[in-house]
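Residue-level listing of the chains:
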Amino acid sequence: MTSTWLPVAADHPFGTGNLPYGVFTTTEDPSPRIGVAIGDHILDVGAVAQATGSDHTTVLSAANLNPLMAAGRPVWTTVRAEITAWLTDTAYRPHVQPNLTPRQDAALHLPFTVADYVDFYASEHHARNIGRIFRPDGEPLTPNWKHLPIGYHGRSGTVVVSGTAIARPSGQRKAPTDAAPTYGPSLRLDIEAEVGFVVGTPTTLGTQVPLGAFRDHVFGVCLVNDWSARDIQAWEYVPLGPFLGKSFATSVSPWITPLDALAHAWTEPPPRDVEPLPYLDDRTTEPGGLDLAIEIALNGHTVSRPPFRTMYWTAAQQLAHMTVNGASLRTGDLYASGTVSGPDVDQRGALIEITWNGRDPVKLSDGSTRAYLDDGDEVTVTATAPGPDNTRIALGEVTGRIVPTRG
Ligand code: MN
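Since we're looking at a predicted model, the values are computed, not measured.

(A) Focus on the overall build of the chain. Along the chain, the regular secondary structure elements total 10 helices and 27 strands. Radius of gyration (C-alpha) of the chain: 21 Å, near the 22 Å computed for a compact globule of 407 residues. In terms of overall dimensions, the chain has C-alpha extents of about 70 × 50 × 40 Å along its principal axes. Counting the 407 residues in the chain, one finds 56% classified as buried. Relative to all contacts within the chain whose residues are 6 or more apart in sequence, the contacts with residues 24 or more apart total 73%. Averaging the coordinates of the 29 positive side-chain charges in the chain and doing the same for the 43 negative ones gives two points 5 Å apart.

(B) Here's a closer look at the side chain of Arg230. Here Arg230 shows up in helix H8 (residues 230–236). Its relative accessible area of 3% is what places Arg230 among the buried residues. Of the polar contacts made by the side chain of Arg230, one reaches the side chain of Asp190; its length is 2.8 Å. Ignoring any residue separated from it by four or fewer positions in sequence, one finds Arg230 in contact with Phe134, Arg188, Asp190, Ile191, Glu192, Lys246, Ala350, Ile352 and Tyr372.

(C) Focus on empty space enclosed by the protein. Considering all chains together, one arrives at three cavities of 30 Å³ or more under this definition. Taken together, Ala122, Phe197, Gly288, Gly289, Leu290, Phe308, Met311, Trp313, Thr314, Ala315, Gln318 and Ser337 make up the lining of the largest cavity. Here the lining of the largest cavity is composed, by residue class, of seven nonpolar, five polar and no charged.

(D) Structural detail: the environment of Ile402. Within the secondary structure, Ile402 sits in strand E27 (residues 398–403). A relative accessible area of 1% means that Ile402 is categorised as buried. Sequence separation of Ile402 and Leu373 is 29 residues, and the distance between their C-alpha atoms is 7.7 Å. Apart from the residues lying within four places of it in its own chain, the contact partners of Ile402 are Ile166, Arg168, Leu189, Trp227, Leu373, Asp374, Asp375, Gly376 and Asp377.

(E) Seen up close, the pairing of strand E25 (residues 378–386). Here strand E20 (residues 293–298) runs beside E25; their pairing, made up of six bridges, is antiparallel. By the bridge assignment for E25, Ala293 is matched with Thr384. Here four bridges tie E25 to E27, and the two strands are oriented antiparallel to one another. Paired with Val379 across the bridge in E27 is Gly400. One ladder, built from three bridges, connects E25 with strand E26 (residues 392–394); its direction is antiparallel. The partner of Ala385 across the bridge, within E26, is Ile393.

(F) Examining the sheet that holds strand E3 (residues 41–44) more closely. Here we have five strands laid out as an open sheet, ordered E4-E3-E2-E1-E5, and antiparallel in their pairing. The outermost strands of the open sheet, each flanked by one partner alone, are strand E4 (100–102) and strand E5 (107–109). Pairwise comparison of adjacent strand axes, ignoring direction, gives a mean angle of 45 degrees for this sheet. Sheet analysis places E3 next to E4, joined by three bridges and oriented antiparallel.

(G) Quick look at helix H9 (residues 315–323). Taken across its nine residues, H9 has nine buried, putting it largely inside the fold. Among the residues of H9, Ala315, Ala316, Gln317, Gln318, Leu319, Ala320, His321, Met322 and Thr323 are the ones counted as buried.

(H) Molecular detail of the environment of Val209. Note that Val209 resides in the loop between strand E13 (193–199) and helix H7 (214–217). Its relative accessible area of 2% is what places Val209 among the buried residues. Put simply, Val209 and Gly326 are 117 residues apart on the chain and 8.8 Å apart in space, counted from C-alpha to C-alpha. Those residues in contact with Val209, other than ones at most four positions away along the chain, are Thr203, Phe214, His217, Leu319, Ala320, Thr323 and Leu329.

(I) How the structure looks around the pattern of salt bridges. Using the criterion set out here, one finds 21 salt bridges in the structure. For the salt bridge of Asp282 with Arg272, the shortest nitrogen-to-oxygen distance reads 2.6 Å. Linking Asp282 in the loop between strand E18 (266–267) and strand E19 (289–290) with Arg272 in the loop between E18 and E19, this pair joins segments that are 10 residues apart in sequence. Members of the salt-bridge network, linked through shared partners, are Asp190, Glu192, Asp226, Arg230 and Lys246.

(J) Spatial organisation of the domain arrangement of the chain. Domain boundaries assigned for the chain yield domain 1 (21–109) and domain 2 (117–403). When each unit is reduced to the centre of its C-alpha atoms, the spacing between domain 1 and domain 2 is 29 Å. Counting residues at the interface gives 19 residues for domain 1, matched by 19 residues for domain 2. Summed over both partners, the interface of domain 1 with domain 2 buries about 1,500 Å², with 65% contributed by carbon and sulfur atoms. Linking domain 1 to domain 2 there are one salt bridge. We note a salt bridge from Arg73 to Asp260, for which the minimum N-O separation is 3.3 Å. Scanning the region where domain 1 abuts domain 2 turns up four residue pairs in polar contact (both at pLDDT 80 or more). Counting residues per element, the ones that place at least two in the side of domain 1 that touches domain 2 are strand E1 (21–25), strand E2 (33–38), helix H3 (66–70), helix H4 (73–88) and E5. Partitioning the side of domain 1 that touches domain 2 into residue classes produces 10 nonpolar, six polar and three charged.

(K) A look at the coordination of the manganese ion. Taken together, the protein ligands of the manganese ion are Asp119 (OD), Glu192 (OE), Glu194 (OE) and Asp226 (OD), with distances of 2.1 Å. All donors of the manganese ion come from a single chain, and their spacing in sequence reads D-x72-E-x1-E-x31-D. Of this pair, Asp119 sits in strand E6 (residues 117–120) while Glu194 sits in strand E13, and the two are 75 residues apart along the sequence. Assigned by exposure class, Asp119 and Glu194 land together as buried.

About the cut-offs
- Residues numbered from 1 in each chain as written.
- Predicted model: local features only at pLDDT ≥ 70, side-chain atom pairs only at ≥ 80, totals over all residues.
- Heavy atoms only, no water.
- Helix = DSSP H or I, 4+ residues; strand = E, 2+ residues; numbered from the N terminus.
- Rg over C-alpha atoms; globule rule 2.2 N^0.38 Å.
- Buried < 20%, exposed > 50% of the residue type's maximum accessible area, 1.4 Å probe, protein only.
- Contact = heavy atoms within 4.5 Å.
- Lys, Arg positive; Asp, Glu negative; His and termini not counted.
- Charge placed at Lys NZ, Arg CZ, Asp CG, Glu CD.
- Polar contact = N/O pair within 3.5 Å; in protein donor to acceptor, adjacent residues only side chain to side chain.
- 1 Å grid on protein atoms, 1.4 Å probe; cavity = no way out; pocket = protein on both sides within 12 Å on 5 of 7 lines; lining within 4 Å.
- Points joined across faces, edges and corners; volume = space filled by probe spheres on them.
- Nonpolar A, V, L, I, M, F, W, Y, C, P; charged D, E, K, R; others polar.
- Pairing = 2+ DSSP bridges.
- Axes fitted to C-alpha atoms, helices over the stretch in contact; angles between N-to-C directions.
- Salt bridge = Lys/Arg side-chain N within 4 Å of Asp/Glu carboxyl O.
- Domains from an automatic or database assignment.
- Buried area = accessible area lost by both parts, 1.4 Å probe.
- Donors = N, O, S within 2.8 Å, 3.2 Å for Na, K, Ca; no water.

This is how it looks when you write it as structure tokens:
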């Protein structure tokens, strides 16, 4: 690992092996600007670029990450090397020191303009659990599940940054035993802990992104909480899939971890027991799994530790599938993995699975129990990944508190 002259411990989860990008403001300077997390500080990289006469001053001085994301892989690599030099070569100290802000003094914002948003369903454990709960009399996996990464187009306009309050959605819900649907606040408000992939380099309509081009197009990774109203979802989802049970809000972490920071995290995905079609066949490509250790806390109490390495479909396969019909990519496209659930009960990424649709409520540290979320509940999703020299780097956390319905 490259050591910094800053007082940051070598094993700090936001050390020089990490360097995620975000957008921040301060009370003194309310203009949104790009920051890079280093230790417990944020470095104003636009200001340092200007002070040092960097070739990348324009993209680093933007109000969000979109221009940098659109610039493509070679620029991402050069910019990361440049920022690393600023933090490790004492010659830059006079330019860096005045542009550091304690992270606790900054407000973090949605770091990029979300173009399109897609959500997948790539955990076999999650898909089997949901299948058993929603369709107890049928096969848990649908016949297509092992042939293609199932997904749906979500609502990009309601993607919000971590910390945004989540109003309980209202809508139609009808239990199988109810004679007719009723309208009202969701009674089964849930979370889905997921990993999001942020597209930088766009494509032209009619072209595809093969598995091997994943790293040319994906800029970085964030954590996602795909809030889900299970009662609304259960009544509306047949035959076209999730709609209002999902579209009210999706929270993302304020830090985008560049793929270059995850170099030590790539791992083989689980064995595929159905041979995929050639455009999804990754047996001869670089390993596409990511060894991320996720943790879900409800009101500060850890309720689950989902292992991302157990995901059946990889992010590269999802991107290849998403574009195989020629659909173009735009800078700022966000696609999420789907709920991350491992094989064990304490590795499940949603309350519907953890509590088995309310049958087995979870007990929190304060002695209270939950089947689903109450107003006032706060959910925080965190994750770490292997970093350089056996350290672990942290992804930005995504948190949100439920507030009473406004409808
Ligand atoms: Mn989801």
